[in-house]
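Each chain, letter by letter, is given below.
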Amino acid sequence: MRKSRTVHAGKVTIGGGSKISVQSMLNIPSTDIDGSVRQAVELEQAGCDIIRAAIPSRDAIPLIPAIKNAVQVPLVADIHFDYHLALEAVEAGIDKIRINPGNIGSDDHVKAVADACRRKNIPIRIGVNSGSLEKEILEKYGSPTPQALVESALYHASLLEKYDFHDIVLSIKSSDVNKMIQAYELAAQSCDYPLHLGVTEAGTERMGLIKSAIGIGSLLQRGIGDTIRVSLTADPVKEVAAGFDILRALDLNTEGIQFVSCPTCGRTRIDLIRLANEAERRLAGCKKNLKVAVMGCAVNGPGEAREADIGIAGGDGVGLLFKKGRIIRKVPEDQLLDCLMQEIDQM
C-alpha cells in the first residue's frame, strides 16, 4: 500500500491513508449559476465528496460563493492559463485549485498563486494528460508515453516546490487505459504526492464505465490512488455512482449495498433480470454495509452466494430467502422481493 503525503480540500482529507474520495465535475455552462447550483446539490445528495467547476473567465467567479452557500462539499476551481483567475478564486473562498503552473506565465505568477494558496491552506492539483504535454517533452519522447506524462507532471510540481509549496495533488490521465495505468505506476514510484486517478475522455456511459473500472480499479487494487473521478459523457451523478461502485467492488468503501446476482441459465424459472434490477433500485439509497444476493436457481443459489449477508434464490413458483448461505424459509415467488426488503430493514 503506497502511503502518500496528506492534503486537505475543505473538510476532505486526500492521501495519507485516508479514505478514497469520489469526485465529479459540473457540466452546466459556467454562465448558468442557478443551473450549476442545482447540479451541485444533486451531486451532494448522490454522495459526491469533491465537486469541480470550470472557471474559464471572471464571469464564472460568482459560481464559487453561490455553490458554497448551497452545499457542504468542497469545491475545486478548474483554471487554465490565467493566474488572475486563480487569485480571484482564492479570494472567493475556493477549497482547491486545479491549475498547471507551467502554463500561467512568469515565475512571479507562479509565486503569487503559491503564496495565495499557502495563506488559505488551499491545495493545488496539477493535471497532465496526453494532449497537454510541453513541446520539449513531446519531442524528447516522440509521443505521450507514460514517462513523458510523469516527467511533465513533476516539472509542474517543481515550479511550486521552488516556492516551498507542497500541498500538491497529481493527476496523470490518458484515454489509453494501459498508458494511464503505467503512468500512475511510475508516478507512485517517483513521488509521494497524492494521486488523483482517472481515465480521461473515457467515453459514453457504457464504454467509459468499462475503461474506468479497469484503469482505476487495477491501480486501487494495488494500493495506488487517493481520490478518483470516473469521467463519463453522461450525467455527473452517474460518475459518482460508478466511483462508489468501483470502491465497493474492492471493499474500499463499506457504506451501501454490494450486489451479487447470477447471469441466469436454463434452470431459471423467474424473471431474474427484472427482480435484480428492482432490488438494486429499491436499495439505491441504503447505507447499510451489506452484500445482497439475487440468484436465479434455488438448487445452487444459496451455496454460490454463501458469503452474501442476505439473499433470495428463485424457484418455480416458490423461492428461498437465505442468510450467509443458510436457508431461512420458502417464500411465494411474488413475495420474494418484499420479504427481502423487510429482512434488510431489520438488519
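Structure first, text after, so check above.
Presented here is an overview of the structure given in this document. (Residues numbered from 1 in each chain as written. Predicted model: local features only at pLDDT ≥ 70, side-chain atom pairs only at ≥ 80, totals over all residues. Heavy atoms only, no water.)

### Let's talk about the sheet that holds strand 10 (residues 227-229)
Right, on to step 1. Here we have eight strands laid out as an open sheet, ordered 8-7-6-5-4-3-10-9, and parallel in their pairing. Of all the strands in the sheet, just strand 8 (168-173) and strand 9 (196-197) have a single pairing partner and so form its edges.
Right, on to step 2. Relative to strand 7 (residues 124-129), strand 6 (residues 96-98) runs parallel, the two sharing two bridges. Bridge pairing links Arg98 to Arg125 in strand 7. (Pairing = 2+ DSSP bridges. Helix = DSSP H or I, 4+ residues; strand = E, 2+ residues; numbered from the N terminus.)

### Points about the packing of helix 1 (residues 33-45) against helix 9 (residues 236-249)
Right, on to step 1. Axis separation between helix 1 and helix 9 bottoms out at 9 Å; the angle between their running directions is 20°. Looking at the two axes, helix 1 sits roughly parallel to helix 9. Helix-helix and strand crossings are classified by hand; for helix 1 and helix 9 the assignment is right-handed. Between helix 1 and helix 9, the contacting residues are Gln39, Glu42 and Leu43 on the first element and Pro236, Val237 and Val240 on the second. (Axes fitted to C-alpha atoms, helices over the stretch in contact; angles between N-to-C directions. Parallel < 35°, antiparallel > 145°, perpendicular 65-115°, else oblique. Left-handed = near helix turned anticlockwise from the far one by under 90°. Contact = heavy atoms within 4.5 Å.)

### As for unusual backbone geometry
Right, on to step 1. Phi at Phe81 takes a positive value of approximately 75°, unusual for a residue other than glycine.
Right, on to step 2. Assignment of secondary structure puts Phe81 in the loop between strand 5 (75-78) and helix 3 (83-91).
Right, on to step 3. Residue class for Phe81 comes out exposed when judged on its relative accessible area of 58%.
Right, on to step 4. Positive phi values are uncommon outside glycine, yet Lys324 reaches one of about 50°.
Right, on to step 5. Along the chain, Lys324 falls in the loop between strand 14 (318-323) and strand 15 (326-332). (Buried < 20%, exposed > 50% of the residue type's maximum accessible area, 1.4 Å probe, protein only.)

### Here we look at the side chain of Ser30
Right, on to step 1. With respect to the helices, strands and loops of the structure, Ser30 is situated in the loop between strand 3 (21-25) and helix 1.
Right, on to step 2. Among the residues examined, Ser30 registers a relative accessible area of 18% and is labelled buried.
Right, on to step 3. What Ser30 contacts, discounting residues up to four positions off in sequence, is Ala54, Pro56, Ala60 and Leu63.

### A few points about the pattern of salt bridges
Right, on to step 1. Counted under the stated rule, the structure contains 23 salt bridges.
Right, on to step 2. Here Asp78 ties to Arg98 by a salt bridge, and the two come within 3.7 Å at their closest N and O atoms. Here Asp78, found in strand 5, pairs with Arg98, found in strand 6; they are 20 residues apart in sequence, far enough to count as distant.
Right, on to step 3. By relative accessible area, Asp78 is classed as buried at 8%.
Right, on to step 4. Between Arg229 and Glu239 there is a salt bridge whose closest N-O contact spans 3.1 Å. (Salt bridge = Lys/Arg side-chain N within 4 Å of Asp/Glu carboxyl O.)

### Structural notes on helix 12 (residues 336-346)
Right, on to step 1. For helix 12, the full list of buried residues reads Leu336, Leu337, Cys339, Leu340, Met341, Glu343 and Ile344.
Right, on to step 2. In the core, the buried residues of helix 12 are packed alongside helix 10 (272-282), strand 12 (290-295), strand 13 (310-313), strand 14 and strand 15.

### A closer look at the sheet that holds strand 13
Right, on to step 1. Strand order in the open sheet made by the five strands is 11-12-13-14-15, with mixed pairing throughout. Two strands bound the open sheet, and with one partner strand each, they are strand 11 (257-261) and strand 15. In this sheet, adjacent strand axes meet at a mean angle of 20° when their direction is disregarded.
Right, on to step 2. Note that strand 11 and strand 12 share five bridges and pair parallel. Bridge pairing in strand 12 links Ser261 to Val294.
Right, on to step 3. Contacts from helix 10 reach strand 11, strand 12 and strand 13 within the one sheet, and its direction differs from that of strand 12 by about 160°.
Right, on to step 4. Packed onto the sheet, helix 12 meets strand 12, strand 13, strand 14 and strand 15 and runs at close to 170° relative to strand 13.

Function cannot be inferred from these measures alone, as they are strictly geometric.
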